[in-house]
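Chain residues, written in single-letter form:
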Amino acid sequence: MTVLVAYASKHGATREIAEALGRDLRSRGVDADVIRADEVGGVEEYDAVVLGSAVYMGKWLPAAQELRDGCTVEPMWLFSSGPLGNPPLPAPPDLGPRHRTFSGRLDRERLSLGERGIVRVVKAPYGDFRDWDAVAELADEIARELSAVPQSIA
Ligand SMILES: Cc1cc2nc3c(=O)[nH]c(=O)nc-3n(C[C@H](O)[C@H](O)[C@H](O)COP(=O)(O)O)c2cc1C
């Protein structure tokens, strides 16, 4: 039983959430490969997929959107890394019951001048708002659900 944890990240916050999910899954006895969404070769070899994206202007990054649209593996969990403080930015998309929204990180040093301008206009707060307990809870849910699925007989 191996899970693909794929992610699209512009400034690293979502990558680190994906890496934490991978570690949390392994520590719960579930094998996990953590791979950038645009580097995923194929999904067929995986028993489940967890796909996450940073949210910019209310949307997922294109590489994650593409993988989501083309992925036929079941079960598939989705997560968005976006909101900061009291959400001044468009909410992440609503992607159904297997979708979690995790608070993100906004690190001024990593942003382009254009991005800093947007942050100034919408008055989004700088800081790291990621909730590692919430990330571990998703790993719990995935590990629990996968252990309840009977293994297919080859
Ligand atoms: C220019 C800009 C636009 C953003 N737009 C949104 C948004 O529409 N909704 C949201 O929830 N978060 C938004 N965010 C916050 C990011 O999604 C958050 O910082 C995320 O954790 C970044 O992930 P990354 O480091 O993996 O790219 C925005 C951040 C920036 C810099």
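See above for the structure.
Because the structure is a prediction, the values reported are computed rather than measured.

Student: Teacher, can you tell me more about the site of the ligand here?
Tutor: Around the ligand, the structure places 25 residues, and the nearest of them are Ser9, Thr14, Val55, Pro90 and Arg105. Contact distances for the ligand include 2.6 Å between a nitrogen atom and a backbone N or O atom of Pro90. One nitrogen or oxygen atom from the main chain of Arg105 is found 2.6 Å from an oxygen atom belonging to the ligand. Protein coverage of the free-state accessible area of the ligand, which is 650 Å², stands at 98%. Where the shell around the ligand is concerned, the elements lending two or more residues are helix H1 (13-27), strand S3 (48-56), strand S5 (76-82), strand S7 (105-106) and helix H3 (113-122).

Student: Mind showing me how you'd approach the nonpolar core here?
Tutor: Within soluble globular proteins, side chains that are nonpolar generally end up buried alongside one another. Counting residues in each nonpolar core, the largest one holds 21 residues, and the members touching the most others are Val3, Val5, Leu21, Leu25 and Val50. Listing elements by their share of this core, those giving two or more residues are strand S1 (2-8), H1, S3, S5 and helix H4 (132-148). The dominant element in this core, judged by the number of residues it contributes, is H4, at six residues. Once residues within four sequence positions are removed from consideration, Val3 is found in contact with Leu25, Val30, Asp31, Ala32, Asp33, Tyr46, Ala48, Val50 and Leu146.

Student: What exactly am I supposed to notice about the packing of aromatic side chains here?
Tutor: Geometrically, a pair of aromatic rings is defined through the distance of the ring centres and the angle of the planes. Under the definition given, this model contains one aromatic pair. Lying over the aromatic face of Tyr56, Lys10 brings its terminal NZ or CZ to 4.6 Å of the ring centre. Here Arg68 stacks its cationic end above the ring of Trp60, 4.8 Å away from the centre of that ring.

Student: I keep staring at the pattern of salt bridges and nothing clicks. Help me out?
Tutor: Opposite charge on two side chains allows them to pair when their charged atoms are near. If you walk through the whole model with that rule in mind, you get twelve salt bridges. For Glu74, the salt bridge identified is with Arg98, shortest N-O distance 3.8 Å. Residue Glu74 is located in the loop between helix H2 (62-70) and S5, and its partner Arg98 is located in the loop between S5 and strand S6 (99-103); the two are separated by 24 residues in the primary sequence. Sharing partners across several salt bridges, the network here consists of Glu16, Arg105, Asp128 and Arg130.

Student: Just checking my understanding: could you explain the side chain of Arg116 for this structure?
Tutor: Following the sequence through the fold, Arg116 ends up in helix H3. No salt bridge is formed by the buried Arg116; the nearest opposite charge belongs to Glu109, separated by 4.8 Å. For Arg116, the contacting residues outside a window of four places in its chain are Arg108, Glu109, Leu111 and Tyr126.

Reading guide: rules and limits
- Residues numbered from 1 in each chain as written.
- Predicted model: local features only at pLDDT ≥ 70, side-chain atom pairs only at ≥ 80, totals over all residues.
- Heavy atoms only, no water.
- Near = heavy atom within 4 Å.
- Polar contact = N/O pair within 3.5 Å; in protein donor to acceptor, adjacent residues only side chain to side chain.
- Areas by Shrake-Rupley, 256 points an atom, 1.4 Å probe, with all protein chains shown as cover.
- Helix = DSSP H or I, 4+ residues; strand = E, 2+ residues; numbered from the N terminus.
- Core = buried A, V, L, I, M, F, W, Y, C linked by side-chain atoms within 4.5 Å.
- Buried < 20%, exposed > 50% of the residue type's maximum accessible area, 1.4 Å probe, protein only.
- Contact = heavy atoms within 4.5 Å.
- Phe/Tyr/Trp six-rings, centres within 6.5 Å; stacked < 30°, edge-to-face > 60°.
- Lys NZ or Arg CZ within 6 Å of the ring centre and 35° of its normal.
- Salt bridge = Lys/Arg side-chain N within 4 Å of Asp/Glu carboxyl O.
- Lys, Arg positive; Asp, Glu negative; His and termini not counted.

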